[in-house]
Structure formats: C-alpha cells, structure tokens
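Okay, here's what each chain looks like letter by letter:
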Amino acid sequence: MANMYQDKEIILKTQELTNKIKEDKLYKDYMKLRQELKKDENITKTIDEIKRLQRKYVKANYQDKEALEKINSLTSELEEIPLYAIYQQKEEELNNNLVFIKEGLRDTFSNIVTYEQD
C-alpha cells in the first residue's frame, strides 16, 4: 500500500510508535511464545487440522455438525496445552493494548477534526 501522506515528521512519529510497541515486553513475550508454538509439531498440526475443518464447515454452509464437533474437540485439546494457553492469554492482552491505542488515536483525531470545524 502506497503511503499517500507526505508529512515526514508525522510518518516518523508513526514509525516511532510502531517501534515502541515492538520494544514493549508484552509484544516481545508474545512473539517469543509464537515462535515456540511454531516449533511444537503437535500444536501446529492441530492448528492446521482445525483450520482445514473450519474451511470444510464454512463450505458446508455451517451445516456439517461432525466437522463442528471435531473443531470444538481439537480446540479444547489445544487449550489444555499450557504453552498454547499462555500464548492465547498474551495474544488477548496484546490485542487489548492495540485496541486501546487505536481508540486513543481515533479519539484524538476526532477531537482534532471537531476542533477544526468549530
């Protein structure tokens, strides 16, 4: 995607924000756990099977109850693996933080536009 915005200072500050997020302990912990998950063959196979079954379920117009039961069963198995459970928790924390940042930026931009219109 081409960057249409040309104010170099704002672009630089955006990159600084991105770098700050990547330097955060939560992000680093999440990425470390993600790499550990990728190394665990059992987890990656289970995730791949869940994805395959989800595609099958969607193609069946959400009517394949057998596929849904297998998806739920495999998901439960995954959630019992401590590494995966910790990964999910970190992912949720990171997503919450990113939503908070996004909402803060949205509110700030909204205030700027509202202020400019007054």
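Residues numbered from 1 in each chain as written. Predicted model: local features only at pLDDT ≥ 70, side-chain atom pairs only at ≥ 80, totals over all residues. Heavy atoms only, no water.

1. Notes on the packing of aromatic side chains
Move 1: Tallied over the full model, the rule gives three aromatic pairs.
Move 2: A ring pair is formed by Tyr30 and Tyr87, whose centres lie 5.3 Å apart and whose planes are at 20 degrees; its orientation type is stacked. With Tyr30 in helix H2 (residues 25-39) and Tyr87 in helix H5 (residues 82-117), this pair connects stretches of sequence that are 57 residues apart.
Move 3: A ring pair is formed by Tyr84 and Tyr87, whose centres lie 6.3 Å apart and whose planes are at 40 degrees; its orientation type is tilted. Of the two residues, Tyr84 and Tyr87 both sit in helix H5, three residues apart, roughly one turn of that helix.
Move 4: Judged by relative accessible area, which is 14%, Tyr84 ranks as buried.
Move 5: Overall, Tyr87 belongs to the buried group, its relative accessible area being 11%.
Move 6: Members of the aromatic cluster, connected to one another through ring pairs, are Tyr30, Tyr84 and Tyr87. (Phe/Tyr/Trp six-rings, centres within 6.5 Å; stacked < 30°, edge-to-face > 60°. Helix = DSSP H or I, 4+ residues; strand = E, 2+ residues; numbered from the N terminus. Buried < 20%, exposed > 50% of the residue type's maximum accessible area, 1.4 Å probe, protein only.)

2. Things to note about the pattern of salt bridges
Move 1: Tallied over the entire structure, the rule returns seven salt bridges.
Move 2: In this structure, Glu49 engages Arg52 in a salt bridge whose closest nitrogen and oxygen atoms are separated by 2.7 Å. Within this pair, Glu49 and its partner Arg52 are both found in helix H3 (residues 41-59), separated by three residues, close to a single helical turn.
Move 3: Owing to a relative accessible area of 27%, Glu49 belongs among the partly exposed residues under this scheme.
Move 4: When salt bridges with common partners are traced through the structure, they connect Lys25, Asp29 and Lys90 into a single cluster. (Salt bridge = Lys/Arg side-chain N within 4 Å of Asp/Glu carboxyl O.)

3. Regarding the packing of helix H1 (residues 8-23) against H2
Move 1: Their axes nearest at 5 Å, the elements H1 and H2 cross at an angle of 60 degrees. Residue-level contacts link Ile21, Lys22 and Glu23 of H1 to Lys25, Tyr27 and Lys28 of H2.
Move 2: For the contact of H1 with H2, the class distribution of residues is two nonpolar, no polar and four charged. (Axes fitted to C-alpha atoms, helices over the stretch in contact; angles between N-to-C directions. Contact = heavy atoms within 4.5 Å. Nonpolar A, V, L, I, M, F, W, Y, C, P; charged D, E, K, R; others polar.)

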